[in-house]
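Listed below, chain by chain, are the residues.
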Amino acid sequence: MSIRYLRDVFKLFFRFFGPGPFLTETGPGIILKRIRRREEKVMFTLDRKNFLTLLDFSPEEIIGLLDLAAELKAEKKAGIPHACLAGKNIALIFEKTSTRTRCAFEVAAHDLGMQCTYLDPSGSQIGKKESIADTARVLGRMFDGIEYRGFGQAIVEDLARYSGVPVWNGLTNEFHPTQVLADLLTVREHFGALKGVKLVYMGDARYNMGNSLMVGCAKMGMHFVACAPEKYRPGSALISTCRKIAEETGAVLEFETDVAKAVAGAQVIYTDVWVSMGEADSVWEERISDLLPYRVTGNVMRMAGPQCRFMHCLPSFHDLNTAIGRSIHEKFGIDCMEVTDEVFEGEQSIVFDEAENRMHTIKAVMAATLAGA
């Protein structure tokens, strides 16, 4: 092997990965070890290339994604580049706008060396002048992957069916898998493991967050409690599916109306907003009336115990510092909705760890589904 050949190899290595910490360690053995570690990480792939719901993945695959996310997070904190998907392009379709989901996908894509094109509600003809199937086949010819955040689960599934490239669910009415993957990483970081951890979801559990947390907890052998009036529980079909999963993983699923019983000994109390913008005032009034006893307060956290941590997928109506918060106050006379400011800003709150982990876990999903594609 010639010196010139070795020189070219190392030039390429530093071109792609940068000198960083490699220059602080000497010897080709150290460098080759680093190369092997990176190759092992990049070789983590998912047989299923779409990421539409956690129901599609085994506990082992979910753990693989969490491990990859933790590695990528550690590398980013250490300033180690990982542009392993350089040259690829992805489309981000947002029929519902978002702060965390958009920023997480864009930063993660750039860190992996990719370019991304953002399509907001007015940026494409999807579902208006052009069918989902036609849009999918067009974008699939131009992009290596597609993210969708919007309405029905059927839309993201059609994108996956027709595009021919990996499709990632950034949120639908039914599921929010990238959020729950970030939640699982956050819980594991704070408690060291997932199995047996008790997570209590307080509030309206009928839609994407309640559904996805129940699925994620069932898959990972956790103790999931939905705490709300009976009419706000997940659908019976999904509960039945998750109970079957729980039989295999050892998970516990409970549905409780009594707050004190629900939160006793909980490691995590989780909530989300009770209503969405655009819903009628009568809906807001009904939800607030029904769910006010399930607001996460300082007393609720004390009932759970000092070990408990508070989580929220954000945004949150915890004060009057937003236009929506002030509007709620004017119409309904309350200064917060699903959580008090005391809890949100308190020492037990880990909501911003959770928000950051959106980026690391989304990066892992894209790396695992696009690597080798």
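For the structure itself, consult the block above.
Residues numbered from 1 in each chain as written. Predicted model: local features only at pLDDT ≥ 70, side-chain atom pairs only at ≥ 80, totals over all residues. Heavy atoms only, no water.

Q: Explain the side chain of K198 to me, please; I cannot follow it from the model alone.
A: Summarising the element assignment, K198 is placed in strand β5 (residues 198-202). E254 provides the closest opposite charge to the buried, salt-bridge-free K198, at an N-O distance of 5.2 Å. Of note is the side chain of K198, whose polar atom sits 3.0 Å from the backbone oxygen of A262. A distance of 2.7 Å separates a polar atom in the side chain of K198 from the backbone oxygen of A264. Among all residues touching K198, those that are not within four sequence positions of it are H223, V225, K261, A262, V263, A264, G265, A266, Q267 and V268. (Helix = DSSP H or I, 4+ residues; strand = E, 2+ residues; numbered from the N terminus. Buried < 20%, exposed > 50% of the residue type's maximum accessible area, 1.4 Å probe, protein only. Lys, Arg positive; Asp, Glu negative; His and termini not counted. Salt bridge = Lys/Arg side-chain N within 4 Å of Asp/Glu carboxyl O. Polar contact = N/O pair within 3.5 Å; in protein donor to acceptor, adjacent residues only side chain to side chain. Contact = heavy atoms within 4.5 Å.)

Q: I'm lost on the environment of I245 in this one. Help?
A: As for its position among the elements, I245 is in helix α9 (residues 236-249). Under the relative-accessibility criterion, I245 is labelled buried at 13%. For the pair I245 and K219, spaced 26 residues apart in sequence, the C-alpha separation works out to 6.4 Å. Apart from residues lying up to four places away in sequence, I245 is in contact with L55, A218 and K219.

Q: What exactly am I supposed to notice about unusual backbone geometry here?
A: Apart from glycine, the bulk of residues carry a negative phi angle, and the bulk of peptide bonds sit in the trans form. Residue P315 follows L314 across a cis peptide bond; omega there is 0 degrees. Within the secondary structure, P315 is located in the loop between β9 (309-312) and α13 (323-332). In this model, L171 sits at a positive phi of 155 degrees, which is unusual for a non-glycine residue. As for its position among the elements, L171 is in strand β4 (residues 167-171). What makes L171 buried here is its relative accessible area of 8%. With respect to the helices and strands, the residue L314 is situated in the loop between β9 and α13.

Q: How do you make sense of the sheet that holds strand β7 (residues 252-256) when you look at a structure like this?
A: Think of a sheet as strands paired side by side through backbone hydrogen bonds, with each pair either parallel or antiparallel. The strand order across the open sheet formed by five strands is β7-β6-β5-β8-β9, and the pairing between neighbours is parallel. Strands at the two margins of the open sheet, each flanked by one partner only, are β7 and β9. Taken over all neighbouring pairs, the strand axes of this sheet differ in orientation by 20 degrees on average, direction set aside. The pairing of β5 with strand β8 (residues 268-271) spans four bridges and is classified as parallel. Bridge assignment links L199 to a residue of β8, and that residue is V268. Where helix α8 (residues 208-219) meets the sheet, its contacts fall on β5, β6 (223-227), β7 and β8, and the angle it forms with β5 comes to roughly 170 degrees. (Pairing = 2+ DSSP bridges. Axes fitted to C-alpha atoms, helices over the stretch in contact; angles between N-to-C directions.)

The quantities given are spatial measurements derived from coordinates; they are silent on function.
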